[in-house]
Structures are given as structure tokens and as C-alpha cells.
Amino acid sequence: MSATGFFGQLFALVLALLLAPLLTGWVNQCRAWLQNRAAPPLLQQYYLLHKLFHKDVVLAHGASPLFRFAPYAVFGCMLLASAIIPSLSTDLPLAPAADALALVGVFGLARVFISLAAMDVGTSFGTLGGRREMMIGFLAEPALLIVIFTVALIAQSTSLATIVETLAHRALNIYPSIAFAGLAFTMVSFAENARVPVDNPATHLELTMIHEAMILEYSGRHLALIEWAASLKLYAFSCLGLALFFPWGIAERDNVFALMAAVPLLVVKLAIGGAVLALIETVNAKMRIFRAPEFLGTAFLLAVLGMLVNLLLES
Amino acid sequence: MNLIAHYASQLINLCAAVMLLLAFAMLAQRRVIHVIDLFALQGLALFLSTMVVAFKTGQTHLYYSAALTLSLKVLLLPWILHRLVRMLHIKREVEALINIPTTMLIGIVLVVVAFNVALPIAQLSASVARGMLGIALATVLLAFLMMITRRKAITQVVGFLAMENGLFLAATSATYGMPMVVELGIALDVLIGVIILGVFFFQIRDQFDSLDIHHMEKLKEH
């Protein structure tokens, strides 16, 4: 492990922690602008986290230790996920610990914990949210896996660092399968991050909420950790999307200069991605929950098509 | 121009993949108007891929068939279909016999079959775009599926036209297009076919007050 790699990893972690709430704030701001509302300040998420960390935790009667442990587990999973996704550099000491398939597992682990915690207190909302989350999750995961298989077939490896190196530092080829996979990945990340066509992060209406229903019982620092984890998940998914489909500018091994240049590029890419996300959220209406399987089924289909097209045209 | 030549086969592959994607979009689409728009887009992808094949191989007659595709399948036929939809006041959603997710899954199976069938044939071929044969076959089969699973006459006609798109793609990829006489004949057939079917639509609607072809199963001689 090189010193550059170590500092690059540390830097990527700190950057993830700092940028994640900013990204959420930026998406909210763009959404407000597009909907002709007065936008909240860009730093709103930080204010929220600051406020929540200074509040006392109120625990429900009968909450088991699992309920208290879950926010830390979810936060840890998301932190690990943003650490192993090559957002700035492919020289990540943590990256060999987990490849793209394990990454899907890490997201799954966080999902299991938050759903269990939602059911733990025994309120009807928590159970409802947990069930809906598991339904969305079990539909989104295969699609995400096949997207990763498609990209892995091109790079001949499931290691994220190798995939990024192959895609970013090779002569430009047009891969139709990447277009299919990118479309499927976008749809999956809407579902995974509780975004508008599938779930509305800004509502507390029992008919529509999925993610919010699960975290109703949380307060204080637990809620802060879960909010932060949600921001980190959005950040991790954005970085994964950028790494797989727009990998240009991600530094190679042992290259400090490229690492420094990658930071502003990442910020610009995230800003554009966040604006596009807000735009898609604004032009789409929230689907009925029973339409979500169809939406995710389409994502799965696109991913499978991508893989088939890859086998036929690019092998 | 050099750049196009360099990326020619990849561009053709991309166009073919887009055509396949649009075939699936047509299967998933619930509104008649959008199905027609998607058909026009598929024609556009076909036009682009034919242009690239023509440029890459220097077959001048392919330019004519590309122009034919553009004028007929991208502009004229969608315009006629849009007019028909407007005159027949079809605003309803497309009624499918099988629900849409199941249709899509059947579609995936068809694509796998088509790719498998085409693979040995494609390996014999030496043309620029041999991988496209599988996609062309898949497009034909998907259009066929659309004709089978839709209840309304107008979406069946769009399915028929989309099938012709797939055949045309197969022709350009496998043998650099058919002879001009054949192509002109087919183009004219398709055009006349759509016009006659347009007349039929009015007859069917006058008879049954609906475009649902299931009513026609009960036809009797009086």
C-alpha cells in the first residue's frame, strides 16, 4: 500500500462525509427552483444534522438494542460503500476488500438493518415501511447486479477499480450495452434512494412514503445518523454511476496530481448529476406503489438486454 | 468523415441496439399515440444505420433506400397514423391481452432465442454488421409479439410496420440491402397496405362501434 493510496483513501472518505449532505442540499435546491418554490439554503442538510445531533434521543418503550444499533450499522455500511467506490482515484487500499458484488451486499445489509429496526418498535407505520422497502429492495437488487455484470463483462473483472481503469484509460469505444446498463442503473438508483417516481422523500403521507415510514420512530443523534446515511447513499450511488458510466478524470495509481485534479471534476460531475436528478424528479409524477414492480421490472429488462447485446455485439 | 468511417461498425451496432430498445418501448407503451411516435423513432434509427452502412460500404443504392425509409417510415406513415387516430377519436389506452410485465418477460425470452438462432448464421457472414442479424430477428419477433398481444387494430398495424423495420434491418446487415426493385415494391406495398387498413378501420368501427378486432370473431353471413 502506497502513501498516496492511504491518503487518497482517507481523503475520499472525508470528502464523502462532507459532500454527501451538500449533494442532498443541492438536489433539494434545484428541485425547489424547478418547481417555482423558494429554495432552502444549500447548507440546510448541515443545519439539520447539527440540530439533530444536539437533541436528546427519545426511545420508544420496548425498543430493543437492535433499534439503537441499527443507525450505526446503516451509517457504517454507507460509509464503507462510499469508501470502496472509486470516486477520486482507483488506488484505494479498501477497494480489494470488496468488489462490486459485495457492494450490492453492503447496500442490502443496510436495508435489512433499517427494515428490522422499523419493525422493532411495533408501530404499524414502521412495519408498513419496512415491508415496502423490502419489496423495492428485492426487485431493485437483481437489476443492479445485472448492470454490474454487464460492465464487468466489458472489463473482465468485478473489481470496481479494474472496471474504472479499463473504461477510463482505453481507446474510446461505443458500447451499446453501456447505454442500456446506464438507463437501468438510473432507474434502480431512483428506487434505491427513495426518489420521486418510486418514493417521495419530502412527504409524510402514509399512502406514499416508504423510507420516511421506517424512520418515524427515530430522534436525536439516531435520526441524524440515518439522515446522513441517506445522503451518503445518494452520494455513493451517484459516484458509482459516475465511475461506471462517466469514468473520465478518475486518477490512476500513484498519481498525486491527477488525484488533485479529480476533486473539482468530481464536484462538477456531481453538480450536473444532481441537477439532472432534480429535473427528472420534477417532470415525473410519483407512481402508485403497485406500479413500482413494473418500473423495476423494466429496469431489470433493460439490464438483461444490455448484457445480451454485450454478448452478441461486443464479444 | 474519417471519424464516421472509424466508428462505422460501432455506430451501426448502436443504431441496432436503439432499434431493439424502441421495440421494447413499444411493447411497454400503453398509449396509441406514443406507440406511433416510437415507431417513427425506430424508423429514424433504421435510417441512420442504413446511412452508415451505405457510407461504410460505398453502396450507392443504399442511400436511396435510406431516403425511402426516412420519407416513408419516419414522416409519411406516422403522419397517416396520427391522422387516423385523430379522425377515429382513439384516446383510450392500448388494451393488451397479456399484462405488460409478462409481455416484457416473453419479449426477453424471444430476444434470447433470436440471438441464439442468429449467432451461427452471423459467424458465416462477412459483412460489416454481422452482429445485427440477431437484433433484426429479435425486432421482427418483438413486433410479432406486439401484433399478437394487442387487441386494437391500429396497434396491430403498427406492429406489422415495425416487423417490416426489422426485416429491412436484416436485409441491410446481411446483404447490404435488397435489389432496388424489391425495395420499391415493398415500400409501395406497405404504403398501400396502410391506406387500405385505414379504410378498414372506418368500416370496422362503423360495424361494431369499436376497433376491437375480437368482435370480428363473431362475424356471420346474413
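Worth saying up front: this structure is predicted, and the values here are computed from it rather than measured.

A. Inspection of the overall build of chain B at higher detail. Scanning chain B from N- to C-terminus turns up seven helices and zero strands. Starting at the N terminus and walking to the C terminus, you meet the elements of chain B as α-α-α-α-α-α-α. For 222 residues, the compact-globule estimate of 2.2 N^0.38 gives 17 Å, and the C-alpha radius of gyration of chain B, at 18 Å, lies within 12% of that figure. Based on the C-alpha atoms only, the size of chain B along its principal axes is roughly 60 × 35 × 30 Å. The 222 residues of chain B split such that 48% are buried. If you take every contact in chain B between residues at least 6 apart in sequence, the share linking residues at least 24 apart comes to 76%. When the accessible surface of chain B is totalled, it reaches about 10900 Å², and 68% of it is carbon and sulfur.

B. Inspection of the overall build of chain A at higher detail. Across its full length, chain A holds eleven helices and zero strands. Here chain A has a C-alpha radius of gyration of 19 Å; the compact-globule value for 315 residues is 20 Å, and the two agree. Expressed as lengths along the three principal axes of its C-alpha atoms, the size of chain A is roughly 60 × 45 × 40 Å. Nonlocal contacts in chain A, meaning residues at least 24 apart in sequence, comprise 81% of its contacts between residues at least 6 apart. Carbon and sulfur atoms make up 69% of the accessible area of chain A, which totals about 13300 Å². Taken together, the 17 basic and 18 acidic charged side chains of chain A have centroids lying 7 Å from each other.

C. Broad picture of the pattern of salt bridges. Residues and elements named next belong to chain A. This model, assessed by the stated rule, comprises eight salt bridges over all chains. Among the salt bridges present, the one from Glu 192 reaches Arg 111, with a minimum N-O distance of 3.0 Å. Of this pair, Glu 192 sits in helix α7 (residues 176-192) while Arg 111 sits in helix α4 (residues 100-120); the two residues are 81 residues apart in sequence, bridging distant segments of the chain. The class of Glu 192 is buried, set by a relative accessible area of 6%.

D. Focus on the state of the cysteines. Residue and element names in this part refer to chain A. In total, this model carries zero disulfides over all chains according to the counting rule given. No disulfide involves Cys 77; its sulfur sits 17 Å from the nearest other cysteine sulfur, which is in Cys 239. Here Cys 239 is not cross-linked by a disulfide; its sulfur's nearest cysteine counterpart is in Cys 30, at 17 Å.

What counts and what doesn't
- Residues numbered from 1 in each chain as written.
- Chains lettered and ligands numbered in written order.
- Predicted model: local features only at pLDDT ≥ 70, side-chain atom pairs only at ≥ 80, totals over all residues.
- Heavy atoms only, no water.
- Helix = DSSP H or I, 4+ residues; strand = E, 2+ residues; numbered from the N terminus.
- Rg over C-alpha atoms; globule rule 2.2 N^0.38 Å.
- Buried < 20%, exposed > 50% of the residue type's maximum accessible area, 1.4 Å probe, protein only.
- Contact = heavy atoms within 4.5 Å.
- Areas by Shrake-Rupley, 256 points an atom, 1.4 Å probe, with all protein chains shown as cover.
- Lys, Arg positive; Asp, Glu negative; His and termini not counted.
- Charge placed at Lys NZ, Arg CZ, Asp CG, Glu CD.
- Salt bridge = Lys/Arg side-chain N within 4 Å of Asp/Glu carboxyl O.
- Disulfide = S-S within 2.5 Å.

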